[in-house]
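Here is how the chains run, residue by residue.
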Amino acid sequence: MTEILQALIDASERAALVAKSCCSDDCQDDLLIAEKCEGEANARFEKDYKTIADVLAQECAKTTLISRFPELSGHVRGEECCEIGGKAIKLESSVDETAKLLSSLVQPNLAKRMAVAAHSDVKHQLCNRLPTDLPDVDVSDLGIWIDPIDATAEFIAGVNGTAASDGGLECVTVLIGAYKRSTGEPVIGVINQPFYDGGKGRLFWGICYGDIKKWGEHNVEIPGSSGVILMSAAEDPQLKKAYEDKFEIKSAAGAGNKLLKVAIGEAEAYILSKGTTFLWDTCGPHAIIKARGGDILSFNTDQPIKYNIPHSDDTQQFCNSGGILACSHDNDQNEFKYILNVKNVAKNQLF
Ligand code: 2IP
Ligand code: CA
Ligand code: CA
């Protein structure tokens, strides 16, 4: 299990390096921003975009995973398709070749920086500190979901120097999760936050495999009960109202960023009534949240989200269409039941 966890961590770091390689004074407005077409787009946005960084970061993460575990081939899925600006993006055999491919889409300086990042042979420092007593895992029963860059809108604004005060580059995350193909349960997760603390970055991982629950992170103090519930800025105000008496309702950009805050106990819960997240948003964070004793349920059905949905060309098949309710820990059963109960009352009255 340690090797597959290492592979997920390194894959996320390689994607993180690609995202970071776009940040330089000489590359403003040059990310090659392409509008997603109808089947690909998220209903949360009037227009939904992807950048060359999203596509390249996903290719890098995928390549890292499949080169170390060839048996994962065909079972590594992600948000992006590899085509952008009429070109299929892939890692060529050398930095120069990849730079050449990218420079047909972006300026040569940026193409070179991205290619160097994409070819880095990443060994994340955290990998020296992983537990060595983890159980064996049947990799041939694993599937992977990748969100190479979560909060792309904030990423674009951050790179262009037009970020809003509450949604800068810090809310960008790389999300990678492994699930059991036989059951659909999330089992290993990584959340990488490349731009945290002025670009120092931080990374969280978690494992929930049978009875084994382990998690780890960079320098984080886990607070006690935070009394905070997170919601999207676009959430129904009536749902916010239902919780206002007992909780502080906060909004934060990025689904991955909100799930990260739940995972590390900065928030009790993240509640989303709409179908604007996908399996790649929740799979990695879900494994970490489960490792910490919490869970992610469907807002509509109260059933835990499952990840072994059959392959399909229709992106909507992978949407968490019933919304989500992510809870940090069910150690305090009463708090969890209270959150669930308020949600069900609100749902019946408001929706
Ligand atoms: C988005 C992104 C948005 C989020 C949306 C996700 O993913 O995280 O920020 O909306 O649900 O699907 P919100 O910020 O309101 O939570 P991506 O950037 O990968 O498309
Ligand atoms: Ca994304
Ligand atoms: Ca996302």
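None of the values given here were measured: they were computed from a predicted structure. (Residues numbered from 1 in each chain as written. Chains lettered and ligands numbered in written order. Predicted model: local features only at pLDDT ≥ 70, side-chain atom pairs only at ≥ 80, totals over all residues. Heavy atoms only, no water.)

Draft legend 1. Structural detail: the coordination of the calcium ion (ligand 3). Every protein donor of the calcium ion (ligand 3) is accounted for by Asp 147 (OD), Asp 150 (OD) and Asp 281 (OD), and the metal-donor separations fall at 2.1 to 2.3 Å. Going along the chain, you hit the donors of the calcium ion (ligand 3) in the pattern D-x2-D-x130-D. A distance of 3.8 Å spans the gap from the calcium ion (ligand 3) to the calcium ion (ligand 2), which Asp 147 bridges by coordinating each metal. Placement of Asp 150 in strand S6 (residues 142-150) and of Asp 281 in helix H9 (residues 279-291) is noted, with a sequence separation of 131 residues between them. (Donors = N, O, S within 2.8 Å, 3.2 Å for Na, K, Ca; no water. Helix = DSSP H or I, 4+ residues; strand = E, 2+ residues; numbered from the N terminus.)

Draft legend 2. Spotlight on the side chain of Arg 202. Relative to the assigned elements, Arg 202 resides in strand S9 (residues 202-209). Within the buried core, Arg 202 has no salt-bridge partner, and the shortest N-O distance to an opposite charge, that of Glu 266, equals 4.4 Å. A distance of 2.7 Å separates a polar atom in the side chain of Arg 202 from a polar atom in the side chain of Gln 193. (Buried < 20%, exposed > 50% of the residue type's maximum accessible area, 1.4 Å probe, protein only. Lys, Arg positive; Asp, Glu negative; His and termini not counted. Salt bridge = Lys/Arg side-chain N within 4 Å of Asp/Glu carboxyl O. Polar contact = N/O pair within 3.5 Å; in protein donor to acceptor, adjacent residues only side chain to side chain.)

Draft legend 3. A look at the sheet that holds S6. What the six strands build is an open sheet, ordered S3-S6-S7-S8-S9-S10; its pairing is mixed. In this open sheet, the two strands that pair with only one neighbour each are strand S3 (76-78) and strand S10 (212-217). Taking the axes of each pair of neighbouring strands and ignoring which way they run, one obtains an average angle of 10° across the sheet. Sheet analysis places S9 next to S10, joined by six bridges and oriented antiparallel. Paired with Ile 207 across the bridge in S10 is Lys 214. Sitting on the sheet, helix H2 (residues 52-68) is in contact with S3, S6 and strand S7 (173-180), with an inclination near 150° to S6. Set on the sheet, helix H8 (residues 255-263) makes contact with S6, S7, strand S8 (186-193) and S9; between it and S7 the angle comes to about 70°. (Pairing = 2+ DSSP bridges. Axes fitted to C-alpha atoms, helices over the stretch in contact; angles between N-to-C directions. Contact = heavy atoms within 4.5 Å.)

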